[in-house]
Amino acid sequence: LPSGRAIGNCIHKILELADFTDPATVAAHVTSELTNFAVDLLHAPALNSALQALLATPLDASGLKLAELAPSRRLPEMNFVFPVAGGYAPGDAQFTHRNLIKTFRTYGQPALESWLTRFETVAFSSVRGFLSGSLDLAFQSPHDGRWYIVDWKSNHLGRSARDYSPKKLREAMDHHHYHLQYHL
């Protein structure tokens with residue numbers, strides 16, 4: 001598959017629109033969204049195959065698969081807004097770079113250390129107000145009723161399986177500050 005923004009956005013859109021329980025709708029969305037994002041249709045078979053494999057992959061010990069998720073259990077592109085440091089209310093709460101690093105150092109896992117070292121070089125001022133965004137997917141497991149959050153990533157790290165080793169994935173997560181995104 002090609003790399004880049006167009007194919008990444010295309011994959012996100014397919015996963016937003018398709019009924020995971022119906023392989024035919026996935027294939028139909030692959031064709032329509034490749035066209036919408038101006039990606040050559042010659043990639044349709046490979047993309048459809050990759051998405052079908054993604055949906056059929058067990059996610060946990062119970063065997064939960066995305067292909068089991070009826071649309072009624074999925075909330076694709078769920079928007080959120082929450083207050084940061086008290087929202088608009090006056091007060092002393094401060095969401096600062098320094099406080100965020102302190103929180104991660106106090107409560108974070110040792111595996112975050114390489115990212116924190118990188119994050120310390122990023123500066124931003126104190127923040128007050130609201131944080132808004134959207135979750136790629138929130139879903140409820142048909143196995144146990146628990147809720148899960150999914151953030152689709154389609155970063156191109158290389159052409160071989162070695163390029164997607166745990167070490168390489170961690171480096172990409174550090175580089176793009178995905179740990180912060182996950183914790184928010």
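Parameters and conventions
Residues numbered from 1 in each chain as written. Predicted model: local features only at pLDDT ≥ 70, side-chain atom pairs only at ≥ 80, totals over all residues. Heavy atoms only, no water. 1 Å grid on protein atoms, 1.4 Å probe; cavity = no way out; pocket = protein on both sides within 12 Å on 5 of 7 lines; lining within 4 Å. Points joined across faces, edges and corners; volume = space filled by probe spheres on them. Helix = DSSP H or I, 4+ residues; strand = E, 2+ residues; numbered from the N terminus. Nonpolar A, V, L, I, M, F, W, Y, C, P; charged D, E, K, R; others polar. Buried < 20%, exposed > 50% of the residue type's maximum accessible area, 1.4 Å probe, protein only. Polar contact = N/O pair within 3.5 Å; in protein donor to acceptor, adjacent residues only side chain to side chain. Contact = heavy atoms within 4.5 Å. Core = buried A, V, L, I, M, F, W, Y, C linked by side-chain atoms within 4.5 Å. Phe/Tyr/Trp six-rings, centres within 6.5 Å; stacked < 30°, edge-to-face > 60°. Expected span 1.5 Å × (residues − 1). Arc of directions from axis to C-beta. Axes fitted to C-alpha atoms, helices over the stretch in contact; angles between N-to-C directions. Parallel < 35°, antiparallel > 145°, perpendicular 65-115°, else oblique. Left-handed = near helix turned anticlockwise from the far one by under 90°.

A. Quick peek at the layout of surface pockets. Roughly 1700 Å³ of volume is contained in the largest pocket. Contributing to the lining of the largest pocket are 45 residues, with Asp-151, Trp-152, Lys-153, Ser-154 and Tyr-178 lying nearest its centre. Contributing elements (two or more residues each) for the lining of the largest pocket: α1 (5–17), α3 (44–56), β1 (74–84), β2 (129–140), β3 (147–150), α6 (166–175) and α7 (178–183). Here the element with the most residues in the lining of the largest pocket is β2; it accounts for 6 residues. Among the residues making up the lining of the largest pocket, the classes are represented as 26 nonpolar, 14 polar and 5 charged. Here the second largest pocket defines a volume of roughly 210 Å³. The set of elements that each furnish at least two residues to the lining of the second largest pocket consists of β1 and β2.

B. How the structure looks around the side chain of Ser-141. Here Ser-141 is to be found in the loop between β2 and β3. The exposure class assigned to Ser-141 is buried, which follows from its relative accessible area of 2%. A polar contact is formed between the side chain of Ser-141 and the side chain of Asp-144, at a distance of 3.4 Å. Residues contacting Ser-141, with those up to four places away along its chain left out, are Leu-64, Arg-73, Arg-146 and Tyr-148.

C. Layout of the nonpolar core. In this structure, Phe-20, Val-30, Leu-34, Leu-47, Leu-51 and Leu-66 are the most contacted members of the largest nonpolar core, which totals 22 residues. Elements with a contribution of two residues or more to this core: α1, α2 (23–36), α3 and β2. With residues up to four places along the chain from it excluded, the contact list for Leu-34 reads Ile-7, Cys-10, His-29, Val-39, Asp-40, Leu-41, His-43, Ala-44 and Leu-47. In terms of nonpolar packing, the next biggest core, distinct from the first, is built from 8 residues, Leu-100, Ile-101, Phe-104 and Leu-112 among them.

D. Structural detail: the environment of Glu-113. You can see Glu-113 is positioned in helix α5 (residues 113–119). The exposure class assigned to Glu-113 is partly exposed, which follows from its relative accessible area of 39%. Spatially, the C-alpha atom of Glu-113 lies 24 Å from that of Ile-149, the residues being 36 residues apart in sequence.

E. Structural context of the packing of aromatic side chains. Throughout the structure, instances matching the rule amount to 4 aromatic pairs. Seen from their ring centres, Trp-115 and Phe-119 are 4.9 Å apart, and the 20 degrees between their planes marks the pair as stacked. Here Trp-115 and its partner Phe-119 are both found in helix α5, 4 residues apart, which amounts to about one turn of the helix. Taken as a pair, Trp-115 and Phe-119 share a single burial class, namely buried.

F. Spotlight on α2. With 14 residues, α2 extends 20 Å between its outermost C-alpha atoms, agreeing within 8% with the 20 Å of an ideal straight helix rising 1.5 Å per residue. Restricting attention to buried positions, one finds in α2 the residues Val-26, Val-30, Glu-33 and Leu-34. Seen along its axis, α2 keeps its buried residues to an arc of 105 degrees; they face one direction. Away from its buried face by more than 90 degrees, α2 exposes Ala-24 and Asn-36. Contacts from the buried residues of α2 go to α1 and α3. Immediately beyond the C-terminal end of α2, within one or two residues, lies Ala-38, with a positive phi of roughly 55 degrees.

G. Fine view of the packing of α2 against α3. For the pair α2 and α3, interaxial distance at closest approach is 10 Å and the crossing angle is 140 degrees. When the axis of α2 is compared with that of α3, the two are oblique. By crossing handedness, the relation of α2 to α3 is classed as right-handed. Two secondary-structure elements touch here, α2 through Pro-23, Val-26, Ala-27, Val-30 and Leu-34 and α3 through Ala-44, Leu-47, Asn-48, Leu-51, Gln-52 and Leu-55. Of the residues belonging to the contact of α2 with α3, the class tally is 9 nonpolar, 2 polar and no charged.

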